[in-house]
Amino acid sequence: VILIFFVEVPVVYGDDVDTYYQSIDPTARDDVLKAQLHDLINPHDVLSYDDIWTAFKSVDKFLPGYPCNENLTFIPDVYSAYCWEPEKLTTGGECGNYKKEGDCYNREHLWPKSWFGGFDNGENAQTDLFELWPSDGYVNGLRGDLPLGDVIVSSISYNSTNKSLI
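Since we're looking at a predicted model, the values are computed, not measured.

Undergrad: Where do I start with the overall build of the protein in this structure?
TA: Counting secondary structure elements, the protein contains six helices and four strands. Listed by position from the N terminus, the elements making up the protein come as α-α-α-β-β-β-α-α-β-α. Partitioning the intrachain contacts of the protein with sequence separation of at least 6 by distance along the chain shows that 59% fall at a separation of at least 24. Accessible surface, the protein: about 10300 Å² in total, of which carbon and sulfur atoms supply 54%.

Undergrad: What's the story with the side chain of Thr-127 in this structure? I'm lost.
TA: Locating Thr-127 in the fold gives a position in the loop between α5 (118-121) and β4 (132-136). A polar contact is formed between the side chain of Thr-127 and the backbone oxygen of Leu-47, at a distance of 3.1 Å. The contact partners of Thr-127, leaving out residues within four places of it in the chain, are Val-46, Leu-47, Ser-48, Tyr-49, Ile-52 and Leu-132.

Undergrad: For this particular structure, what's the right way to read the packing of aromatic side chains?
TA: Within a pair of aromatic rings, the relevant descriptors are the distance that separates the centres and the angle that separates the planes. Using the criterion set out here, one finds eight aromatic pairs in the structure. Lying over the aromatic face of Tyr-49, Arg-107 brings its terminal NZ or CZ to 3.5 Å of the ring centre.

Undergrad: What's the story with the pairing of β4 in this structure? I'm lost.
TA: Two faces make up the sheet, and in a regular strand the side chains alternate between them. With respect to burial, β4 is a largely interior element, five of its five residues being buried. Neither face of β4 is left uncovered, since the one carrying Leu-132, Pro-134 and Asp-136 and the one carrying Trp-133 and Ser-135 both have all their residues buried. Pairing analysis gives five bridges linking strand β3 (residues 105-109) to β4, with the strands arranged antiparallel. Following the sheet pairing, Glu-108 is matched in β4 by Trp-133.

Undergrad: How should helix α3 (residues 51-59) be read in this particular structure?
TA: Residues separated by three or four positions in an α-helix point in the same direction, a consequence of the helix having 3.6 residues per turn. Looking only at α3, the buried set comprises Ile-52, Trp-53, Ala-55 and Phe-56. Each buried residue of α3 sits inside an arc of 165° when the element is viewed along its axis, so together they form one side. Taken together, the buried residues of α3 touch β1 (75-76), β3 and β4.

Undergrad: Before we go on, may I ask you to explain the nonpolar core in this structure?
TA: General note: in soluble globular proteins, nonpolar side chains tend to be found buried as a group. Formed by Ile-52, Trp-53, Phe-56, Ile-75, Trp-84, Tyr-105 and Leu-132, the largest nonpolar core amounts to seven residues. Ranked by residue count, the leading element in this core is α3, at three residues. Residues Val-78, Tyr-79, Leu-110 and Val-139 belong to the second largest nonpolar core, which totals six residues.

Undergrad: Is there a simple way to explain the pattern of salt bridges in this structure?
TA: As enumerated under the stated definition, the model contains two salt bridges in all. Taking the shortest distance from any N to any O, the salt bridge between Asp-103 and Lys-100 comes out at 2.6 Å. When the shortest N-O distance is used, the salt bridge between Glu-108 and Arg-143 registers 2.7 Å. Of this pair, Glu-108 sits in strand β3 while Arg-143 sits in helix α6 (residues 137-143); the two residues are 35 residues apart in sequence, bridging distant segments of the chain. Assessed through its relative accessible area of 3%, Glu-108 is described here as buried.

Undergrad: Explanation requested: the environment of Thr-127 in the structure shown.
TA: We classify Thr-127 as buried; its relative accessible area is 8%. Between the alpha carbons of Thr-127 and Tyr-49 there is a distance of 5.8 Å; along the sequence they are 78 residues apart.

Undergrad: What should I look at first to understand the side chain of Glu-101 in this one?
TA: Here Glu-101 is to be found in the loop between β2 (83-84) and β3. Buried and unpaired, Glu-101 has no salt bridge, with Lys-163 as the nearest side chain of opposite charge at 9.3 Å. There is a polar contact of 2.3 Å between the side chain of Glu-101 and the side chain of Tyr-158. Within the structure, Glu-101 has its side chain in polar contact with the side chain of Thr-161 (distance 2.5 Å). Among residues more than four places away in sequence, those in contact with Glu-101 are Tyr-79, Ser-80, Ala-81, Tyr-82, Asp-136, Tyr-138, Val-139, Tyr-158, Ser-160 and Thr-161.

Cut-offs and rules
- Residues numbered from 1 in each chain as written.
- Predicted model: local features only at pLDDT ≥ 70, side-chain atom pairs only at ≥ 80, totals over all residues.
- Heavy atoms only, no water.
- Helix = DSSP H or I, 4+ residues; strand = E, 2+ residues; numbered from the N terminus.
- Contact = heavy atoms within 4.5 Å.
- Areas by Shrake-Rupley, 256 points an atom, 1.4 Å probe, with all protein chains shown as cover.
- Polar contact = N/O pair within 3.5 Å; in protein donor to acceptor, adjacent residues only side chain to side chain.
- Phe/Tyr/Trp six-rings, centres within 6.5 Å; stacked < 30°, edge-to-face > 60°.
- Lys NZ or Arg CZ within 6 Å of the ring centre and 35° of its normal.
- Buried < 20%, exposed > 50% of the residue type's maximum accessible area, 1.4 Å probe, protein only.
- Pairing = 2+ DSSP bridges.
- Arc of directions from axis to C-beta.
- Core = buried A, V, L, I, M, F, W, Y, C linked by side-chain atoms within 4.5 Å.
- Salt bridge = Lys/Arg side-chain N within 4 Å of Asp/Glu carboxyl O.
- Lys, Arg positive; Asp, Glu negative; His and termini not counted.

This is the structure in structure tokens:
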């Protein structure tokens, strides 16, 4: 089994964490905790898969490596050292076609779509911004649906520009 190495990224909230979670009873368990968390995040907006491109530029400014260059509208890549312009571009932006690392970026599901049934069965998992990241198209393609985790050194097949291993 080949696993890809990934650095855990802390979640950053616009509000103070204590304020954000003040309605949650820290002693709650099971269904009570689940209900409290459900109430906390609802109602919420569900984005279309196309809307994700626009969301990246405001959400992903909290990724490690931001700002990734002097242009504060550019976003860092989760799998490479590249910095992307979050617009629909033929090169240097979103893509579906790539030949090498750095050609363009796409949307990476940290929990692969095949694991939750893809767009037909994912109940909005395909656009969940907590598990969807801008990623180098080439490196994302190499990862495929491999799980994240420790990589066996003897099994490394690729080492990206930011040291992500496949």
